[in-house]
Amino acid sequence: MPSIKFSHEQQKLMIDIVKDSIASKLELQSKNEPIDYDSISKLSWLNKPAATFVTLTINGELRGCIGTLEARQSLLKDLQSNAVNAAFYDSRFEPVSVGEFETLSIHISVLTAPVELSVSNEKELLGCLRPKIDGLIIKESGHRATFLPQVWQQLPTAKVFLQRLKLKAGLPVDYWSDNMSFYTYQVVDVVV
């Protein structure tokens, strides 16, 4: 399981950063105490490199989900950019409107570093996957896709999970190649 842990106060601040990033893009005035970015940018835990996904829902329906798979920038910057991208640049949805802002539910996933799996066939791969624990990344000559561990709730069997992930990557469900690479990761969920 992930060794990353966040206190309740840290989780609340992370959610506030996401909300503030979306509100700023919408040019809304915050109803809460403004975030002092000069102060929080000095917090060591927010300056550590991190990979996150920001998932937005309204009444339980997906409204946007964008993230990064590898830690290339600070947790603070990753949260800010993924918040804006999920709200305004997820190609599956229209940008979030001012009227929708107050109804958004925010879910943050902080990812562990991906670990490559060494498998020689699909049966081995399916045997390596841990439902409800592992996220999976597949890569194959220009095709790449991932499912967060939360997707196991809708796709509870490893076979269906993998088939749908292949489709997401633009590959047929029965596709297999020795050139494919697979990576698992886990997440720490932040929901306040």
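Look a little higher up for the structure.
Attention here is on the structure that accompanies the text. Sequence order as written defines the numbering, with residues in each chain counted from 1. With the structure being a predicted model, the display of local features is reserved for residues of pLDDT at least 70 and the display and counting of side-chain atom pairs for 80 or more, all residues being used for whole-chain, interface and lining totals. For side-chain calculations, the full set of non-hydrogen atoms in the structure is used, while hydrogens and water are omitted.

1. Structural notes on the overall build of the protein chain
Thought 1: Each helix is a run of H or I in the DSSP string that is no shorter than four residues. Each strand is a run of E no shorter than two, and both are numbered from the N terminus. Helices and strands together make up the secondary structure of the protein chain, namely 7 helices and 9 strands.
Thought 2: C-alpha atoms define the radius of gyration, and 2.2 Å times the number of residues to the power 0.38 defines the globule rule. At 18 Å, the protein chain has a C-alpha radius of gyration in line with the 16 Å of a compact globule built from 192 residues.
Thought 3: With respect to the three principal axes, the spread of C-alpha positions in the protein chain is 55 × 35 × 25 Å.
Thought 4: Each residue's exposure class comes from its accessible area (1.4 Å probe, protein chains only) as a fraction of the maximum for that residue type: buried when under 20%, exposed when over 50%, partly exposed otherwise. A burial count over the protein chain gives 46% of its 192 residues as buried.
Thought 5: Long-range contacts, defined as pairs at least 24 residues apart, comprise 71% of the intrachain contacts of the protein chain with a sequence gap of at least 6.
Thought 6: Split by element, the accessible area of the protein chain, about 10600 Å² in all, is 51% carbon and sulfur. In this analysis, two residues are considered to be in contact whenever any of their non-hydrogen atoms come within 4.5 Å of each other. Under the convention used here, a 1.4 Å probe and the Shrake-Rupley method define accessible areas, while residue burial counts only the protein chains that appear.

2. Description of the pattern of salt bridges
Thought 1: Just to be clear on terms, a salt bridge is a Lys or Arg side-chain nitrogen sitting within 4 Å of an Asp or Glu carboxyl oxygen. Enumeration according to the criterion identifies 6 salt bridges in this entry.
Thought 2: Among the ionic pairs, Arg63 bridges to Glu100, the shortest N-O distance being 2.9 Å. Here the residue Arg63 occupies a position in strand 2 (residues 61-67), and Glu100 occupies one in helix 5 (residues 98-101), the gap between them amounting to 37 residues.
Thought 3: Here Lys166 makes a salt bridge to Glu122, at a shortest N to O gap of 2.5 Å. One end of the pair, Lys166, is in helix 7 (residues 158-168); the other, Glu122, is in helix 6 (residues 122-128), and 44 residues separate them in sequence. When sorted by exposure, Lys166 lands in the same class as Glu122, which is buried.

3. A look at the sheet that holds strand 8 (residues 181-185)
Thought 1: The pairing criterion for strands is at least two bridges between them, as found by DSSP. The strand order 5-8-6-7 describes an open sheet built from 4 strands, whose pairing is antiparallel. Among the strands making up the open sheet, the edge pair consists of strand 5 (115-117) and strand 7 (143-147). Adjacent strand axes in the sheet meet at a mean angle of 25° when their direction is disregarded.
Thought 2: Sheet strands touched by helix 7: strand 6 (135-140) and strand 7. Its angle to strand 7, the strand with the most contacts, is close to 135°. Note on geometry: axes are C-alpha line fits, over the in-contact stretch for helices, and angles between N-to-C directions span 0 to 180 degrees.

Such coordinate-based values are descriptive only and should not be taken to indicate function.
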